Amino acid sequence: MKLPVIETEHIAQLQDFEAKILANHTKIENWFRSQWNAHRPPFYGSVDIRNAGYKISSIDMNLFPGGFNNLNPNFIPLAAVAAQDAVQRACETAKSVLIVPENHTRNTFYLQNVYALTEILRSAGYEVRLGSLNPEVTEPTEFQTALGNTILLEPLLRTRDRVHLADGFSPCVVLLNNDLSAGIPEILQNVSQTVLPPLHGGWTTRRKTAHFAAYDQVAAEFAELIDIDEWQINPYFEKISGLDFQEREGEDALAEAVGRVLAKIQAKYDEKGIGDKPFAIVKADAGTYGMGVMSVKSADEVRGLNRKNRNKMAKVKEGLEVTEVIVQEGIYTYETLNGAVCEPVVYMMDRFVIGGFFRVHEGRGADENLNAGGMVFVPLSNSIPTGDGDDSEEAPEACKRVFEQWDSLGMPRAGKSSGIDNEHNRLYVYGVMARLSLLAAAIELEQTAPQA
């Protein structure tokens, strides 16, 4: 596949940034290795990236990714190697994994995601079964996915301090593909098994502002490492609490925060000679699925919201009420596929990039949230790159070596053009940006872990 087109006026800035990243490839990879020695990465995650040419950054980090069905199936061997590493780090003796999915039994595309995740783990050599929290699943039940595959959901049970299935299946690794928006179920509390991601990573307790506070730390260190302006990879943000969108409580405080963030963006635009109009994204501090999000270009836009927009912002998934928001610097997306705006979404397991896709939306603009109805997904790459063209090794060892060198999304190619049209170089930059967010998530989970 061809990579997205970048608007002409922003190509030179993006090429300069890419060249800076590529020139520091060895330094960057050594730095990441030292960071992973100090901080244990989450089991998996996905990162949304926005690329304005003059600025490229993660804007969201999901610890319970639900789009494995959108990855190119050619990347499964790479994903399986990463899964082996992630499961082994969680439990050295693990032979099986119990996945706890969302309760979306009618969402066949989500079920396809569960099927794809299961296949990755099975390809890694693990027995995989699905334990459902859905009260409607009272016995083992087959469900059909969007592409016609079938998965078997079984009721999740608990005896003393272990969760299990009816026949006693109770592995040491319990993998959540459920973001706990509805709360932490009692059945999962204080179990003796390793639950991944940890329960405090769910939206019951997690906050986006905690993630971006950790990201501030990571971005500052990385910017110093390669001598760039931290702003190029880090959006401004503020947290606002005490909101009630239905009753219009906290409206003035929210408007003032929007005004401050917009002013900071404008000052940086003036410094850099950027002619774009600043905008901010206001989104629920806890939540996913693109719910509770709006794009604004002035403080007045959050005052006196109409009923439709108040309802849109008041609640998110599982009816969770929005009382806290993050006001985040908006980053334009100047990448397009066939004329439609798009943004890369990068998937990782443990510390490895395993693939990704472009989220494409014909009905949205460069300054809008693309995670909305009408979006489509275009998988990254149509083949597995091997780094140097040497296919003589056994596949797992070759994949592992590739991971260690550059991650599966691409590596700087020696002797090749470093121009922005080089697919591997662009993908390598995406992978670096995604891993910065993954590292921030590792630090965030450490900082927010409940004390024993």
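For the structure, check the block above.
Source: prediction; values computed, not measured.

Calculation notes
Residues numbered from 1 in each chain as written. Predicted model: local features only at pLDDT ≥ 70, side-chain atom pairs only at ≥ 80, totals over all residues. Heavy atoms only, no water. Helix = DSSP H or I, 4+ residues; strand = E, 2+ residues; numbered from the N terminus. Contact = heavy atoms within 4.5 Å. 1 Å grid on protein atoms, 1.4 Å probe; cavity = no way out; pocket = protein on both sides within 12 Å on 5 of 7 lines; lining within 4 Å. Points joined across faces, edges and corners; volume = space filled by probe spheres on them. Nonpolar A, V, L, I, M, F, W, Y, C, P; charged D, E, K, R; others polar. Disulfide = S-S within 2.5 Å. Domains from an automatic or database assignment. Pairing = 2+ DSSP bridges. Axes fitted to C-alpha atoms, helices over the stretch in contact; angles between N-to-C directions. Expected span 1.5 Å × (residues − 1). Phe/Tyr/Trp six-rings, centres within 6.5 Å; stacked < 30°, edge-to-face > 60°. Buried < 20%, exposed > 50% of the residue type's maximum accessible area, 1.4 Å probe, protein only. Salt bridge = Lys/Arg side-chain N within 4 Å of Asp/Glu carboxyl O. Left-handed = near helix turned anticlockwise from the far one by under 90°.

Another point: the overall build of the chain. Of regular secondary structure, the chain possesses nine helices and 19 strands. Considering only contacts in the chain between residues 6 or more positions apart, those separated by 24 or more positions represent 70%.

Moving on: empty space enclosed by the protein. Going through the model one piece at a time under the given rule, you end up with two cavities of 30 Å³ or more. Volume-wise, the largest cavity comes out at about 70 Å³. Residue classes in the lining of the largest cavity are distributed as five nonpolar, one polar and five charged.

We now examine the state of the cysteines. In total, this model carries one disulfide according to the counting rule given. Paired by a disulfide, C91 and C172 hold their sulfur atoms 2.1 Å apart. The sign of the -110° torsion about the S-S bond sets the C91-C172 disulfide as left-handed. A residue pair is termed long-range when its members are at least 10 positions apart, and C91 in the loop between α3 (76-90) and β4 (96-101) and C172 in the loop between β9 (162-164) and β10 (173-177) qualify at 81 residues.

Taken as a whole, the second largest pocket spans an internal volume of roughly 260 Å³. Along the wall of the second largest pocket there are 17 residues; nearest its centre are R40, P41, L196, P198 and L445. When residues of the lining of the second largest pocket are traced back to their parent elements, those giving at least two are α3, β11 (194-196) and α9 (423-448). Looking at side-chain class alone, the lining of the second largest pocket contains 12 nonpolar, two polar and three charged residues. When residues are assigned to domains, the lining of the second largest pocket turns out to be shared by domain 1 (1-63 + 207-235 + 331-380 + 400-451) and domain 2 (74-201), each giving three or more.

One open sheet holds the six strands; their spatial order is β6-β7-β5-β4-β10-β11, and the pairing between them is mixed. Sheet topology places β6 (141-144) and β11 at the edges, where each strand pairs with a single neighbour. Looking at each pair of strands side by side, their axes are set apart by 35° on average, direction ignored.

In an α-helix, one turn spans 3.6 residues; hence positions three or four apart end up facing the same way. Taking 1.5 Å per residue, 19 residues should reach 27 Å; helix α5 (residues 208-226) reaches 26 Å between its end C-alpha atoms and fits that length. Positioned one or two residues after α5, D227 has a phi angle of 60°, which is positive.

Moving on, we come to the packing of aromatic side chains. Across all of its chains, the model carries 16 aromatic pairs by this definition. Where F358 meets Y430, the ring centres are 6.1 Å apart and the plane angle is 75°; that geometry is what we call edge-to-face. In this pair, F358 sits in strand β18 (residues 352-361) while Y430 sits in helix α9, placing the two residues 72 residues apart along the sequence. In this structure F358 comes out as buried when scored by relative accessible area, which is 0%.

Right, let's talk about the pattern of salt bridges for a bit. Counted by the stated rule, this structure contains 25 salt bridges. Among the salt bridges present, the one from E444 reaches R206, with a minimum N-O distance of 2.7 Å. Separated by 238 residues along the polypeptide, E444 in helix α9 and R206 in the loop between β11 and α5 bring together distant segments of the chain. Take E444 and R206: they sit in the same class, and that class is buried.

Below, the discussion takes up the environment of V296. Examined against the element boundaries, V296 turns out to sit in strand β14 (residues 293-296). Judged by its relative accessible area of 2%, V296 falls in the buried class. Separated by 34 residues in the primary sequence, V296 and G330 place their C-alpha atoms 8.8 Å from one another. Among all residues touching V296, those that are not within four sequence positions of it are V258, L262, F279, A280, V282, E301 and V302.

The next subject is the packing of helix α2 (residues 25-38) against α5. Contact geometry of α2 with α5 gives a least axis separation of 10 Å together with a crossing angle of 145°. Read as a crossing pair, α2 and α5 show a hand that is right-handed. Where α2 abuts α5, its residues K27, I28, W31 and Q35 lie against V218, E221, F222, L225 and I226. Its residues assigned to classes, the contact of α2 with α5 comprises six nonpolar, one polar and two charged.

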